[in-house]
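In case you want the letters, here they are:
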Amino acid sequence: SGSNDNHLHVFRETDGVPLARYDTGGDIKGPILLHLGYAIFGSWSHHVYAIDIRHLSEVTPPEVETGPPKYKWPPIMGDNKFMSGVAVDPATDLLYTGGHD
């Protein structure tokens, strides 16, 4: 789930146990897209992120900070903050999102 604490939080669906936490340096306001094993989302840090979620497991201690997301695109909208969710066109693999402008 996104949050106002600059982190993406990952929980196990069946019981809510935290599995991971990723620092993005900005609030996450929009919904998160799950696509081909990745969680893709925008942040108020001016970046779009993709986290490989295929290898998270119950053995990840919930108190462990897992670090920054693996994929971080450079700011692509100048000084804009990402406010909406991300969509992917499967035919072209293009990402679409909206900003705070």
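Conventions adopted
Residues numbered from 1 in each chain as written. Predicted model: local features only at pLDDT ≥ 70, side-chain atom pairs only at ≥ 80, totals over all residues. Heavy atoms only, no water. Helix = DSSP H or I, 4+ residues; strand = E, 2+ residues; numbered from the N terminus. Contact = heavy atoms within 4.5 Å. Phe/Tyr/Trp six-rings, centres within 6.5 Å; stacked < 30°, edge-to-face > 60°. Buried < 20%, exposed > 50% of the residue type's maximum accessible area, 1.4 Å probe, protein only. Lys NZ or Arg CZ within 6 Å of the ring centre and 35° of its normal.

A. Here's a closer look at the environment of Arg54. Residue placement: Arg54 occurs in the loop between strand 5 (48–52) and strand 6 (71–72). With 16 residues separating them in the primary sequence, Arg54 and Tyr38 have C-alpha atoms 7.3 Å apart. Residue contacts for Arg54: discarding those within four places in its chain leaves Leu36, Gly37 and Tyr38.

B. Representation of the packing of aromatic side chains. All chains considered together, the criterion is met by 1 aromatic pair. Relative to Tyr49, the ring of Phe41 lies with its centre 5.5 Å away and its plane at 20°, an arrangement referred to as stacked. For Tyr49, a relative accessible area of 1% puts it in the buried group. The ring of Trp44 is capped by Lys29, whose NZ or CZ atom sits 4.9 Å from the centre of that ring.

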